[in-house]
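# What the coordinates show
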Amino acid sequence: MSGPPPDDAHHDAQPDPHGDPAGSQGAAWTDRDIVLEYFPATHERLVPHDLAYHLEDAGDGVIVVRDREGEEAARLTVVTPHGNPTGELCCDLCQRTGTRRYLGLYRAELPGSAGRRYRYLTACRDRRSCEARRLDDDAIHTLLGTTAR
Ligand SMILES: [Zn+2]
C-alpha cells in the first residue's frame, strides 16, 4: 500500500504522542525501536544502530572519540585545509555534504606511531548535529583500525 519512507524520514521520527507504544514495554524507545516499529520497510543501512562510540567536541577544533565506557579511544585534531575552499566535502561520519565552512578535515595519530602516522577523516564542524545524523561506527572503526561487530 505505502512504499518505504523517504531516505531521511528517520531523522525526524518521533514516537506518536497519541499512541501508546512505550506503555506496553514500560521502557523508553530507542531511535532504532521507533524506526523498526513505524518504518518497518526501512533499509537496514538506515536503521539506527546502538553506537559503540560517541564523538564530542573538546574545543579548539579537537574531537574526542569515546567508547561505551567513556574512555578516550582517539583524539582528532583539525587540519588546516589547502586547495579550493569552495569545493564540496562529504562527512565520513554522517555522509552530509557541504563546503569547508561546514566540514573540516581532521586527523588522528595512529597508536604507537609516535606522531609519524595519521589517519584522516572529513567531518562536520557542528558535532551535535553530525552525531544526531550518524548511523553507524564504520568510519570510527576505519579510523581506529578495528572491525565492526
Ligand atoms: Zn557529519
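What this report covers is the structure whose coordinates are included nearby. What you see is a predicted model; the values in this text were computed from it and never measured.

What follows deals with the overall build of the protein chain. Helices and strands together make up the secondary structure of the protein chain, namely 4 helices and 7 strands. Moving toward the C terminus, one meets the helices and strands of the protein chain in the order α-α-β-β-β-β-β-β-β-α-α. In the protein chain, which comprises 149 residues, the proportion classed as buried is 15%. Considering only contacts in the protein chain between residues 6 or more positions apart, those separated by 24 or more positions represent 43%.

Turning our attention to unusual backbone geometry. Peptide bonds are, in most cases, trans, and in most cases residues other than glycine have a negative phi. Of note in this structure, Gln-95 is not a glycine but carries a positive phi near 70°. For Gln-95, the position within the fold is in the loop between strand 4 (89-90) and strand 5 (97-98). Despite not being glycine, Ala-114 shows a phi value in the positive range, around 50°. Relative to the helices and strands, Ala-114 resides in the loop between strand 6 (103-109) and strand 7 (118-124).

On to the sheet that holds strand 3 (residues 72-79). With antiparallel pairing, 5 strands are arranged side by side in an open sheet as 1-2-3-6-7. Only two strands of the sheet have a single neighbouring strand rather than two, namely strand 1 (53-59) and strand 7. Each adjacent strand pair in this sheet contributes to an overall mean axis angle of 30°, direction not counted. In this sheet, strand 2 (residues 62-67) lies alongside strand 1 in antiparallel orientation, the contact comprising 6 bridges. Considered in strand 2, the bridge of His-54 is made with Arg-66.

Procedures and definitions
Residues numbered from 1 in each chain as written. Predicted model: local features only at pLDDT ≥ 70, side-chain atom pairs only at ≥ 80, totals over all residues. Helix = DSSP H or I, 4+ residues; strand = E, 2+ residues; numbered from the N terminus. Buried ≥ 20, exposed ≤ 12 C-beta atoms within 10 Å, placed from the backbone. Contact = placed C-beta atoms within 7 Å. Pairing = 2+ DSSP bridges. Axes fitted to C-alpha atoms, helices over the stretch in contact; angles between N-to-C directions.

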